[in-house]
Each structure stands twice: as structure tokens, then as C-alpha cells.
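# Remarks on the overall topology
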Amino acid sequence: MNRHISMITLVITLILTFCMAATHAANQGPDRIDIYGGRSGKVPFPHAQHQDRINDCNVCHSVFPQETEAIRKMKEKGMLKPKKVMNLQCIKCHKEEKKTGKPHGPVTCSTCHVKS
Ligand code: HEC
Ligand code: HEC
Ligand code: HEC
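Residues numbered from 1 in each chain as written. Chains lettered and ligands numbered in written order. Predicted model: local features only at pLDDT ≥ 70, side-chain atom pairs only at ≥ 80, totals over all residues. Heavy atoms only, no water.

## As for the packing of aromatic side chains
Using the criterion set out here, one finds zero aromatic pairs in the structure. A cation over a ring is seen here: R72 above Y36, with NZ or CZ 5.9 Å from the ring centre. (Phe/Tyr/Trp six-rings, centres within 6.5 Å; stacked < 30°, edge-to-face > 60°. Lys NZ or Arg CZ within 6 Å of the ring centre and 35° of its normal.)

What follows is the structure in C-alpha cells.
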């Protein structure tokens, strides 16, 4: 009887471990992220909404890794120029979408940056 219980416990533990590993491998990141924006103020960013639309993570993550505060850390190390992501990713795409008349993201300073 006791052996049965410990077998069941073992199996459950293995399943849980597997599930946790699987979720970790597919880390999507938070739905919403406040991107560090220096003195211009943080940039509230709907991450999940962009993932749904864009499909390819590398449209953004070829430039910075899938890590918390990745952009700020890279800027601090001098590996990324301030405003580079903003200009060459965020605003570039929003302007292109605007030109084609599709729904687009903000293109003016204060619609992205929020002073706290
Ligand atoms: C439109 C741009 C964009 C796309 C596309 C995108 N991301 Fe991100 N992602 C970001 C930004 C911006 C951050 C925040 C970086 C920072 O705070 O410096 C981020 C952060 C993350 C983080 C770390 C979050 C944290 O704070 O722990 C993960 C994980 C992540 N993304 C996964 C993904 C995956 C998986 C995909 C594709 C399914 C994806 N992202 C697509 C822009 C994007
Ligand atoms: C589509 C959203 C968006 C718009 C519009 C936008 N920004 Fe940004 N801005 C960002 C993001 C995201 C960052 C952080 C990533 C980076 O530095 O490229 C940033 C970073 C910056 C930084 C660098 C902060 C630092 O200390 O590293 C400055 C300065 C800045 N923005 C000023 C402006 C000004 C001025 C305007 C209007 C002309 C503007 N931004 C419009 C999203 C935006
Ligand atoms: C490849 C294209 C693309 C890139 C890159 C991109 N966006 Fe967007 N973004 C969009 C589109 C399209 C929308 C409009 C979605 C809608 O209204 O349905 C949008 C909407 C937004 C909105 C408004 C969301 C709302 O609920 O009104 C914000 C804020 C935003 N983007 C910020 C950013 C920031 C910050 C970056 C850079 C880290 C970025 N975007 C990069 C395509 C892009």
C-alpha cells in the first residue's frame, strides 16, 4: 500500500517537473511591459498584442534578448544607442502601417512616453 502511494507521488512529481520545464521553454514574457525611457518617461508597451500581430519574435528580439530590462541594460553597457529601438523598430513600423492606412501604433512622443 505504502509503495503504491510513493509511486503515485513520484509520477505526479515527474509530471509537474515536466510541465514547469515546458512552460519555461515557452516563456512569452508579460502581456504588458513598461519599457525604460529615461528622462522622457517610461513607455507602456502592449507586448502580447504585438506578439499576436507580428508572429515573428525576432522582428524585435534580434536587436535585444528576451530578458527583463534588456534594452536598458544594453544601453548602459554601450551595446545599444538610446532611441535606436524606438526609431528603427517602434516608430518605423508604426509609420509604415500608417502610410498604408492600416491600424497603427502611436507616432508622437507623448502618446508613447508617460512622465511619472
Ligand atoms: C514589437 C516588438 C516585440 C515583439 C514582436 C516581441 N517582443 Fe518580447 N519584448 C519586447 C520588448 C520591448 C521587451 C522589453 C524589453 C525591456 O524592457 O528592455 C520584451 C521582453 C520580452 C521578454 C522578457 C520579459 C520580462 O520582463 O521578463 C520575453 C520573455 C519576451 N519578450 C518574449 C517574446 C517572445 C517569445 C516573442 C515572440 C512570440 C516576443 N517577445 C515578441 C518587444 C517585442
Ligand atoms: C512608438 C513609441 C515611441 C514614440 C512615438 C517615441 N518614443 Fe522615445 N522611446 C520609445 C522607446 C520604446 C524607448 C526605449 C528604447 C530606445 O531607447 O530606443 C525610447 C527612448 C527614448 C529616449 C532615450 C531615453 C534614454 O535615456 O535612453 C529619448 C530621449 C526619447 N525616447 C525621446 C522621444 C521623443 C522626443 C519623441 C518624440 C519625437 C519620442 N521619444 C517618441 C518609444 C517611443
Ligand atoms: C512590425 C510592426 C510594429 C512594431 C515593430 C511595433 N509596433 Fe506597436 N503597434 C503596431 C500596430 C500594427 C499597432 C496597432 C494595433 C491596433 O490598433 O490594433 C501598434 C500599437 C501600438 C501601441 C498602441 C496600443 C493600443 O492599445 O492602442 C503602442 C503603445 C505601441 N504599439 C508601442 C510600440 C513600441 C513601444 C514598440 C517598440 C518596442 C512597437 N510598438 C513596435 C505595430 C508595431
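## Here's the deal with the site of ligand 2
Around ligand 2, 22 residues are found, and the nearest of them are K75, M86, C109, C112 and H113. A distance of 2.9 Å separates an oxygen atom of ligand 2 from a polar atom in the backbone of M86. If you list the elements that add at least two residues to the shell around ligand 2, you get α4 (70–76), α5 (84–99) and α6 (109–112). The element contributing the most residues to the shell around ligand 2 is α5, with six residues. Grouping the constituent residues of the shell around ligand 2 by class yields 13 nonpolar, six polar and three charged. (Near = heavy atom within 4 Å. Polar contact = N/O pair within 3.5 Å; in protein donor to acceptor, adjacent residues only side chain to side chain. Helix = DSSP H or I, 4+ residues; strand = E, 2+ residues; numbered from the N terminus. Nonpolar A, V, L, I, M, F, W, Y, C, P; charged D, E, K, R; others polar.)

## Some points on the site of ligand 3
As a structural note, the neighbourhood of ligand 3 is formed by 18 residues, with H50, R53, C90, C93 and H94 the closest of them. The side chain of R53 places a nitrogen or oxygen atom 2.8 Å from an oxygen atom of ligand 3. At 2.8 Å, a side-chain N or O of H94 approaches a nitrogen atom of ligand 3. For the shell around ligand 3, the secondary-structure elements that each account for two or more residues are β2 (43–46), α2 (47–54) and α5. It is α5 that contributes the most residues to the shell around ligand 3, five residues altogether. In the shell around ligand 3, the residues fall into ten nonpolar, six polar and two charged.

## Structural notes on the coordination of the iron atom of ligand 1
Taken together, the protein ligands of the iron atom of ligand 1 are H47 (NE2) and H61 (NE2), with distances of 2.0 to 2.1 Å. For H61, a relative accessible area of 21% gives the class partly exposed. (Donors = N, O, S within 2.8 Å, 3.2 Å for Na, K, Ca; no water. Buried < 20%, exposed > 50% of the residue type's maximum accessible area, 1.4 Å probe, protein only.)

## Quick word on the environment of G105
With respect to the element layout, G105 can be found in the loop between α5 and α6. Along the chain, G105 and K95 lie ten residues apart, while their C-alpha atoms are 8.2 Å from each other.

## Considering the coordination of the iron atom of ligand 2
Surrounding the iron atom of ligand 2 are the protein donor atoms M86 (SD) and H113 (NE2), at 2.0 to 2.1 Å. Angles of 89 to 179° at the metal separate the six donor atoms of the iron atom of ligand 2, which places the site in the octahedral class. One end of the pair, M86, is in helix α5; the other, H113, is in the segment after α6, with 27 residues separating them in the sequence. Taking the relative accessible area as the measure of exposure, H113 reaches 18% and is therefore buried. (Tetrahedral: all angles 85-135°; square planar, octahedral: opposite > 155°, others 65-115°.)

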